[in-house]
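Structural overview for review
Residue strings, one per chain:
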Amino acid sequence: MTELQNKTYTINIGTDDFEEMATGTDLFVDKTAFISTLLKGGYKVTLITRPRRWGKTLNMTMLQYFFGVPVKPNGEIDEKERSKRNDIFSQLKIGEHPDILENYLGKSPVIFVSFKEIKGDSFEMIEMKVRDLIYELYETHEYLLSSDKLSEGQKDLFKKFIKEDFDFAKLTKSIFYLSKMLYTHFGQKVFILIDEYDTPLNDWYALQLARETPSEAEDVYFQKVLSLFRGILSSALKGNDFLEKGVVTGILRVAKASLFSGLNNFGEDSILDEDYAQYFGFTEEEVNTLLHKSALDKNPETSKTLKSWYNGYNIGGLTIYNPWSIMNCINSDGKFKAYWVGTANTALLERALILDKFQTEIQTLIEGGSVEMLADPKMVFADIKSSPNALYNLLLFSGYVTAEKVKQALDGITYICRVKIPNREVRGVFMTSLVQWIESKFKTDSREYRAFVSDLLSGDVPKFIDLLKSYLEASASYFDSGKQAEILYNGFMWGLFASSVNEDYYVEKERETGAGRADLLIIPKETSPFQIAFIVEYKIASKDENLKMAAQTALDQIETKAYASKIKAYKNVEKVISIGLAFRGKDVEVAFT
């Protein structure tokens, strides 16, 4: 083993504390060059949007640890702590810039707040949580009460926040007030770091999407939340003479809220931009280093499989991996599964993906195709119901699709993109949403649908067909015929695919085999309770076409094009069932052998 592999590392999943990772034995990726790029940037305030669990909070705590003045409980500067931090950062990538260490390390007061836990069903709950957050923020700087540089008026104001005895107006200006006090005490302008600024508003968007018609009460709730956060952000970042630099992170650019209106010298960086592309998510080189450190690169298949599961993001011309999934995979000794999916509330996305109007494009994406969209960082995500393009913007900026081609539009603001599903892990989200959509059309639940698929896997084709006919009869009349019916049938085939995907089966849809492409192959592994393989071919018949003959034609195609040739390689398979399906409206016929 190499020297890297000989070193003892620990995996710390879920920590966002840079100090904890940098001062321990945690395996982590050095992103400290982000500090240099940020300082070179000409913007006073920068909004950085990235998908969840892509390292935003960890990078923010890194900035806090680097720039922040270490202070003793009595308010004196802790030179010993600053020297310790210098030793740490000098060994990292930012250490290649000794001038930055000399001029910035431990020299500035820092205000760091995260809104990631600010959620609630009422404005009162949101406001209460923000008040608690501000109280905790002031408490960390309680040494200011002993400062001989603050006036008595400033100290009285500080005490109001410590005692949580402040009105709404003071709440909205609380970060501004603290920045002025810190500047007064240290004589140095302040770095303001605001993490996950959009969490409270994203929850509101999800609520709106679930409603046919937004209620007046919900609109009042949103306007109050909007007023609170607009006040906090505007006072802290707009025209603040005590501000050195501000960094704001989130998932989405909340356009309708106009939270940043009027801000001069304000920059944005999203997954469509290049400046900070390498600092959020893992690059190819970083992933290779992690695999080497953890000795997972011994097996050459590991890297190939890992790319299939977690790769696929194109950001600023770089290949970027999902960092949460990579670290969880390493922690699990190379076990590949969906780690990122389900790690947060995705109600907004889940509700959007099962809307009827998006099924054509969603199935195109699942099949490995791409969809053209107009990417707009200022898109109003509350407009998803009325604007299909809003959905694709949500998917793009949330990390559920990636732009394989990006071209700036003539307006100089938006981008014309072709987007696709980035990898196998994310593809599972779309497969799950498709099954949920099919269940809604078949008027059944997940348990019944799984039992329905199990009938097929056990070889009971007649029972499977009887249930299929009953499901089609119960399905919405909107899907009786035409393009809508084709969407339903194609979605049904993908639903079978998704329901059958588990550790006991190999499932392929429309893959080359024999002399053509089979619509669906389901091949059991040795662990499967049923050693039966299936070849399914389906056709959509015209109104004048004989349905039984169409089903037989589909079955004959399986034989004439030798679709079973691939299955012969699986010695454990005891039986192969070929199925020809023919659909028309709510009618279906089957031929099988």
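This section reports on the structure supplied with the text. (Residues numbered from 1 in each chain as written. Predicted model: local features only at pLDDT ≥ 70, side-chain atom pairs only at ≥ 80, totals over all residues. Heavy atoms only, no water.)

1. Examining the nonpolar core
Ranked by internal contacts, the top residues of the largest apolar core, which has 93 residues, are Leu396, Phe430, Leu468, Phe492 and Leu581. Tallying contributions element by element places helix H22 (residues 482-500) first for this core, with ten residues. Each residue touching Phe430, except ones within four places of it in the same chain, is listed here: Leu353, Ile362, Leu365, Ile366, Leu395, Tyr400, Val401 and Ile421. (Core = buried A, V, L, I, M, F, W, Y, C linked by side-chain atoms within 4.5 Å. Buried < 20%, exposed > 50% of the residue type's maximum accessible area, 1.4 Å probe, protein only. Helix = DSSP H or I, 4+ residues; strand = E, 2+ residues; numbered from the N terminus. Contact = heavy atoms within 4.5 Å.)

2. Some remarks on helix H15 (residues 323-331)
Because each turn of an α-helix spans 3.6 residues, side chains separated by three or four positions in sequence point in the same direction. Most of H15 sits inside the fold, with eight of its nine residues counted as buried. Along H15, the residues classified as buried are Pro323, Trp324, Ser325, Ile326, Met327, Asn328, Cys329 and Ile330. Elements that come into contact with the buried residues of H15 comprise strand E6 (282-283), helix H13 (284-293), helix H14 (300-310), strand E8 (318-321) and helix H19 (424-442). Between the side-chain oxygen of the N-cap and the backbone nitrogen of Trp324 there are 3.0 Å, and the N-cap of H15 in question is Asn322. Backbone geometry just after H15 places Asp333 at a positive phi near 55 degrees. (Polar contact = N/O pair within 3.5 Å; in protein donor to acceptor, adjacent residues only side chain to side chain.)

3. Here's the deal with the pairing of strand E9 (residues 371-375)
Residue alternation in E9 divides its side chains into a buried set, Val371, Met373 and Ala375, and an unburied set, Glu372 and Leu374. Here five bridges tie E9 to strand E11 (residues 415-420), and the two strands are oriented antiparallel to one another. For Ala375, the partnering residue across the bridge sits in E11 and is Tyr415. (Pairing = 2+ DSSP bridges.)

4. Observations concerning the sheet that holds strand E5 (residues 266-269)
The strands making up a sheet associate through backbone hydrogen bonding, with each pair oriented either parallel or antiparallel. Ordered in space as E2-E3-E4-E1-E5, the five strands form an open sheet in which the pairing is parallel. Where the open sheet ends on each side, the last strands, each with one partner, are strand E2 (110-114) and E5. Pairwise comparison of adjacent strand axes, ignoring direction, gives a mean angle of 10 degrees for this sheet. The sheet strands contacting helix H4 (residues 56-67) are E2, strand E3 (190-195) and strand E4 (243-250), and the helix crosses E3 at an angle near 165 degrees. (Axes fitted to C-alpha atoms, helices over the stretch in contact; angles between N-to-C directions.)

5. Re the pattern of salt bridges
In the structure shown here, the tally under the stated rule is twelve salt bridges. Taking the shortest distance from any N to any O, the salt bridge between Arg85 and Glu81 comes out at 3.0 Å. Of this pair, Arg85 and Glu81 both sit in helix H5 (residues 79-90), separated by four residues, roughly a single helical turn. Each member of the pair, Arg85 as well as Glu81, is classed as buried. Between Lys307 and Glu284 there is a salt bridge, and its shortest N-O distance comes to 3.1 Å. With Lys307 in helix H14 and Glu284 in helix H13, this residue pair connects regions lying 23 residues apart in the sequence. A relative accessible area of 35% places Lys307 in the partly exposed class. (Salt bridge = Lys/Arg side-chain N within 4 Å of Asp/Glu carboxyl O.)

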